[in-house]
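Secondary and tertiary structure notes
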Amino acid sequence: MEVSIVDLLIKLDSLILRRGQLEANGLFVGLGGSSIYFSSRYIQTKNEVHYQNSIDFLDRILDKTNQEFVPDYLWLTNPCLTPCWLIDQYIKSGLLDEDEKTNSKTIEDSILESFTDQELKNNHHDLFCGFIGKAIFLLENDAENNIQCITKIVDACESNAIKDSNGIYWNTPYPFYPSARFEKTINFGIPQGCLGIILFLIKCSESLKMRSRLQSLLRNSIEWILNKLDEETNQLLHVYGNEGGGGRLAWCYGDLSLSFVLLRYHEVFDSPKSLKKAHELITLASSKTTNEAGIPYYSKYDFYDIGLCHGTSSIAYMYHNMAQITKDNNLRLLANKWLSITAENLTKYLFHFETIVETEDKDINHSMGFLEGLSGVGLVLISFLEPKSNSWDKLLLLDRPGRE
């Protein structure tokens, strides 16, 4: 590779350490991403400096959290959830001792109390700002009350499913995807759409032993997607019947998120039909150039978006994960191709970074955050060097039990 990943990570170390101090609290934006980045760097390198940087950021998060009120509503993006999530993950990774666990019982109780029948009934399933995000947090702890609550969420997913001649699907209601016709909105994405619900249900079928209960529901939802893919000749939109871009490559929505979900379903439930369609989508995706991938391009500086949500690192990581599922060397080659593209565009981005910050260019994200900032890009780079560092992708519904 022309641009050294190791050299880029060293540059990111310095920048994230310096600029991360300026960030707000949060998992998907700001300090949470910086802490996760340095914890992953420590797992990769065993360099104690990275460990200390991670803990220092965690301490800053705790200080900020102590100054904030716990809101009546709780989403995965609420800052008060950040230290609980991080400390639990660091304990599981062996970075912290069990006695470092915060009193997250209060937060868990608040999450349980924040569920409303109206929220579940209206299908507010959003990963970032809805009940699936809450469930992801609660799944990290197998307390009886948590499991009861997650079961209620599964019940809601079953009752909110809409059946037609193609199978079943879910609407995404306003305000989680604003639309004048939200009653008929069908979002295919992971964070707000049907794919996120399916990945959540697959996760429940594995971690909560719900396979027999959810098999029919999942089969019918996958069947609906397969039928729509055939019907639309691979022109599924981000929001069906409204707007979007069929064939986009990214984690958030597009051909790779569809492919990943089909592969995960096949991995758990043995579906040759899903496997075949996934490979068809991957074949179509593999021929796309950077210009054709639906990635934001910043012509003033001549680089493409590199973010984890919808940039080049997103594409690299999706191929990387699918290669782990299939053991397909062609997917590994595609992952490495997009890793190289990410490295090249990251190099350009870093060259122009100070100018972008000074001019306050609103079109370009210059945060150190997880989802769209440099911490997320760095985490993808690290994952290619050290697979054991990628527990953070639970936040994106991409984790799999027993993976490499």
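Refer to the preceding data block for the structure.
These numbers come from a predicted model, not from an experiment.

About the cut-offs
- Think of each chain on its own: its residues are numbered from 1, step by step along the sequence as written.
- pLDDT decides what is reported in this predicted model: residues at 70 or higher carry local features, side-chain atom pairs at 80 or more are listed and counted, and totals for whole chains, interfaces and linings draw on all residues regardless.
- In computing side-chain properties, one takes all heavy atoms of the structure into account and sets aside hydrogens as well as water.
- The definition of a nonpolar core used throughout is a set of buried Ala, Val, Leu, Ile, Met, Phe, Trp, Tyr and Cys residues joined through side-chain atoms within 4.5 Å.
- Think of it in three bands: residues with accessible area under 20% of the maximum for their type are buried, residues over 50% are exposed, and the middle band is partly exposed, with areas taken using a 1.4 Å probe on protein chains only.
- Labels follow the DSSP assignment, with helices taken as runs of H or I lasting at least four residues and strands as runs of E lasting at least two, numbered in each case from the N terminus.
- Throughout, a residue-residue contact means that at least one pair of heavy atoms, one from each residue, lies within 4.5 Å.
- The patch calculation keeps residues exceeding 30% relative accessible area without a salt bridge and links them within 9 Å when they carry like charges or within 5 Å when they are nonpolar (Val, Leu, Ile, Met, Phe, Trp, Tyr).
- All accessible-area figures derive from a Shrake-Rupley calculation using a 1.4 Å probe, and residue coverage is judged against the displayed protein chains alone.
- Whenever a carboxyl oxygen of Asp or Glu lies within 4 Å of a side-chain nitrogen of Lys or Arg, that contact is scored as a salt bridge.
- Note on definitions: the grid is 1 Å and covers protein atoms alone; a cavity is a set of points where a 1.4 Å probe fits but cannot get out; a pocket is an open set with protein on both sides within 12 Å along at least five of seven lines; lining residues have an atom within 4 Å of a point.
- Grid points are joined across faces, edges and corners, and a volume is the space filled by probe spheres set on the points.

Structural notes on the nonpolar core
By size, the foremost hydrophobic cluster in this structure holds 137 residues, and its most contacted members are F200, L201, W251, Y319, L346, Y349 and L374. A total of 13 residues in this core trace back to one element, the largest contributor, which is helix α14 (residues 329-358). With near-sequence residues (within four places) excluded, L201 lies in contact with V154, C157, W170, L214, L217 and L218.

Observations concerning a nonpolar patch on the surface
Together, V6, I10 and L385 line one region of the surface with nonpolar side chains, adding up to about 250 Å² of accessible area. For L385, the position within the fold is in helix α15 (residues 374-385).

So, the layout of surface pockets
The space that makes up the largest pocket amounts to roughly 400 Å³. With five residues, helix α9 (residues 194-207) is the single largest residue contributor to the lining of the largest pocket.

Looking at the pattern of salt bridges
The full count for this structure, using the stated rule, is 16 salt bridges. The partner of E223 in a salt bridge is K273, with the nearest N and O atoms 2.9 Å apart. With E223 in helix α10 (residues 211-231) and K273 in helix α12 (residues 272-286), this pair connects stretches of sequence that are 50 residues apart. The partly exposed category is assigned to K273, whose relative accessible area is 46%. Note that R264 is salt-bridged to E267, the shortest N-O span being 2.7 Å. Highlighted residues: R264 and E267, both in helix α11 (residues 255-269), separated by three residues, approximately one helical turn. On the basis of relative accessibility, which here comes to 34%, the residue E267 falls in the partly exposed class. Beyond isolated ion pairs, a larger network of salt bridges with shared partners links E206, R264, E267 and R400.

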